[in-house]
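So the chains spell out like this:
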Amino acid sequence: MTILPNLSTIAAYDGRTKAEKALEDAETALANFQSTGGRVKRYSIGGREMEFDNGGDILKLVSYWRIEVKRERARTAIAKGMADPRRIYLRASRA
């Protein structure tokens, strides 16, 4: 007899990468910053506590994590043998 773990007690699996989680945290921080008119300035992003002076600082962070997520997705696609999603390919048609 083999006893298997009770799957209902295991925490939910989150398959997102560190960059995807940090991007979501940064976008949430930006939304909270904007909705409070800039009064709330301290956030936890990517497991780190951060404090921002203005919305521009948060926008830089959101932009950074968006680029990282795009890079990860491109590396994953290339590793699977697919085309780089950051490139646009055109095919000339013959008339």
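Structure's up top.
An account of the accompanying structure is given in this report. Keep in mind it's a predicted model, so treat the numbers as computed, not measured. (Residues numbered from 1 in each chain as written. Predicted model: local features only at pLDDT ≥ 70, side-chain atom pairs only at ≥ 80, totals over all residues. Heavy atoms only, no water.)

**Description of the pairing of strand S1 (residues 42-45)**
- Residues Tyr43 and Ile45 line the buried face of S1, whereas the alternating positions Arg42 and Ser44 sit on a face that is not buried.
- In this sheet, strand S2 (residues 48-51) lies alongside S1 in antiparallel orientation, the contact comprising 4 bridges. Residue pairing for S2: Tyr43 is matched across the bridge by Met50. (Buried < 20%, exposed > 50% of the residue type's maximum accessible area, 1.4 Å probe, protein only. Helix = DSSP H or I, 4+ residues; strand = E, 2+ residues; numbered from the N terminus. Pairing = 2+ DSSP bridges.)

**Side note on helix H1 (residues 18-35)**
- In a regular helix each residue adds 1.5 Å, so 18 residues correspond to 26 Å; H1 covers 26 Å between its end C-alpha atoms and thus fits that length.
- Those residues of H1 that sit buried are Ala19, Ala22, Leu23, Ala26, Ala29, Leu30 and Phe33. Viewed along the axis of H1, the buried residues span an arc of 125 degrees, placing them on a single side of the element.
- On its buried face, H1 is in contact with S1 and helix H2 (55-79).
- Backbone geometry just downstream of H1 places Gly37 in the positive-phi region, at approximately 70 degrees. (Expected span 1.5 Å × (residues − 1). Arc of directions from axis to C-beta. Contact = heavy atoms within 4.5 Å.)

**A few points about the nonpolar core**
- Counting residues in each nonpolar core, the largest one holds 16 residues, and the members touching the most others are Tyr43, Ile45, Phe52, Ile58, Leu61 and Trp65.
- Every element with two or more residues in this core is listed here: H1, S1 and H2.
- Top element by residues in this core is H1. It accounts for 7 residues.
- Not counting the four nearest positions on each side in its chain, Ile58 is found in contact with Ala26, Ala29, Leu30, Phe33, Tyr43 and Phe52. (Core = buried A, V, L, I, M, F, W, Y, C linked by side-chain atoms within 4.5 Å.)

**Topic: the packing of H1 against H2**
- The N-to-C vectors of H1 and H2 enclose an angle of 155 degrees; their axes lie 9 Å apart at closest approach. Considering their axes alone, H1 and H2 lie roughly antiparallel with respect to each other. Seen along the crossing, H1 lies across H2 with a hand that is left-handed. Along the contact surface, H1 presents Ala19, Glu20, Ala22, Leu23, Ala26, Glu27, Ala29, Leu30 and Phe33, while H2 presents Gly55, Ile58, Leu59, Leu61, Val62, Trp65, Arg66, Glu68, Val69, Glu72 and Arg73.
- Tallied by class, residues from the contact of H1 with H2 come to 13 nonpolar, 1 polar and 6 charged. (Axes fitted to C-alpha atoms, helices over the stretch in contact; angles between N-to-C directions. Parallel < 35°, antiparallel > 145°, perpendicular 65-115°, else oblique. Left-handed = near helix turned anticlockwise from the far one by under 90°. Nonpolar A, V, L, I, M, F, W, Y, C, P; charged D, E, K, R; others polar.)

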